[in-house]
2 protein chains.
Amino acid sequence: MMENDIFKALADPTRRMIFEKLASGSMNASSLRDGVEISQPAMSQHLAILCNAKLVRQERSGRFVNYEVDPDGLAMIANWLAKYRAYWPARIDALKDLLKDMDQ
Amino acid sequence: MMENDIFKALADPTRRMIFEKLASGSMNASSLRDGVEISQPAMSQHLAILCNAKLVRQERSGRFVNYEVDPDGLAMIANWLAKYRAYWPARIDALKDLLKDMDQ
DNA sequence: CCAATACATAAGCATACACTTATGTGATTC
DNA sequence: GAATCACATAAGTGTATGCTTATGTATTGG
């Protein structure tokens, strides 16, 4: 199932870090390793899992592979979260900011 | 870390099912087992993990323990998701519904 | 071509995780 | 107050997961 892939993908802190890095701009696998203590195969495996979860997508560019955030995965999480909107505390500031940003 | 606890808690399909069940109304541990093929210790362990992640909270009531959705955990996910709002596709219907519901 | 680069895949290993059975703990009921 | 009920905890076990080293596969540059 897709939902399961997403949550399993995000359950690993290294993958969330990779995802966060990609959110600041698309990058190839080597650039993602810069400043991070992680082996090349480990990075490759994490990226495969993120891609499979539709959180990240890839695009080949010569011998490089460019990775970027895939909105599909985020939309799935938003959908999941929406099911429980009745429980969201209305006063959460971050949430208000989110609304302001999106309601344009 | 709290964020890690939440995503790890949600990575298990059984726990997401338990959470979904609780979202439809607070329940004690025995009621949560109704119609679900899960042992009593397994349920207890899952609930402990969900509580630790602030996704669920408990309240003792005699010899029963009542479990309910904890908004704190959901707010944390909303916060996490908000960091990537730039990537949310604006046209997702569920998202629009969500916005409409919340912008009141 | 052939060496080097960028990345993927395979296989093995240590740890984490979700389950099991067994037992403990606190509250209720007879 | 002894038995029972609702739940928690302990200990053990099989499997999943994330890493490692080694090798494979495109692509590019000299």
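Residues numbered from 1 in each chain as written. Chains lettered and ligands numbered in written order. Predicted model: local features only at pLDDT ≥ 70, side-chain atom pairs only at ≥ 80, totals over all residues. Heavy atoms only, no water.

A. Layout of the pattern of salt bridges. Following the criterion strictly, the structure yields eight salt bridges over all chains and no others. Two residues, Glu3(B) and Arg16(A), come together in a salt bridge whose shortest N-O distance is 3.3 Å. You can see Glu3(B) sitting in helix H1 (residues 2-10) and its partner Arg16(A) sitting in helix H2 (residues 13-23), one on each of two chains. Under the relative-accessibility criterion, Arg16(A) is labelled buried at 5%. Taken together, the salt bridges that share partners define one network made up of Arg57(A), Glu68(A) and Asp70(A). (Salt bridge = Lys/Arg side-chain N within 4 Å of Asp/Glu carboxyl O. Helix = DSSP H or I, 4+ residues; strand = E, 2+ residues; numbered from the N terminus. Buried < 20%, exposed > 50% of the residue type's maximum accessible area, 1.4 Å probe, protein only.)

B. Geometry of the confidence of the model for chain A. Taken residue by residue, chain A gives an average pLDDT of 88. The fraction at 70 or more is 85%. Taken together, the stretch residues 98-104 of chain A has pLDDT below 50 and engages in 10 contacts with residues farther than four places along the chain or on a different chain. (pLDDT = per-residue confidence, 0-100. Contact = heavy atoms within 4.5 Å.)

C. Broad picture of helix H5 (residues 71-82) of chain A. All names here are of chain A. For H5, spanning 12 residues, the distance from its first C-alpha to its last is 16 Å, which sits close to the expected 16 Å at 1.5 Å a residue. The buried count for H5 comes to nine of 12 residues, which makes it a mostly enclosed element. For H5, the full list of buried residues reads Pro 71, Gly 73, Leu 74, Ala 75, Ile 77, Ala 78, Trp 80, Leu 81 and Ala 82. (Expected span 1.5 Å × (residues − 1).)

D. Up close: the protein's contact with DNA strand C. The full set close to DNA strand C counts 22 residues, and Ser30(A), Ser44(A), Tyr67(A), Ser39(B) and His46(B) are the nearest of them. Restricting attention to atoms of DNA strand C within 4 Å of the protein, one finds that 66% of them are sugar or phosphate atoms. Tyr67(A) is positioned with one of its side-chain polar atoms (N or O) 2.5 Å from a phosphate oxygen of DNA strand C. Secondary structure elements with two or more residues in the surface near DNA strand C: helix H3 (29-33), helix H4 (40-52) and strand E3 (64-69) of chain A together with helix H2 (13-23) and helix H4 (40-52) of chain B. If one sorts the elements of the surface near DNA strand C by residue count, H4(A) sits on top with four residues. Looking at the surface near DNA strand C residue by residue, the classes come out as six nonpolar, 11 polar and five charged. (Near = heavy atom within 4 Å. Polar contact = N/O pair within 3.5 Å; in protein donor to acceptor, adjacent residues only side chain to side chain. Nonpolar A, V, L, I, M, F, W, Y, C, P; charged D, E, K, R; others polar.)

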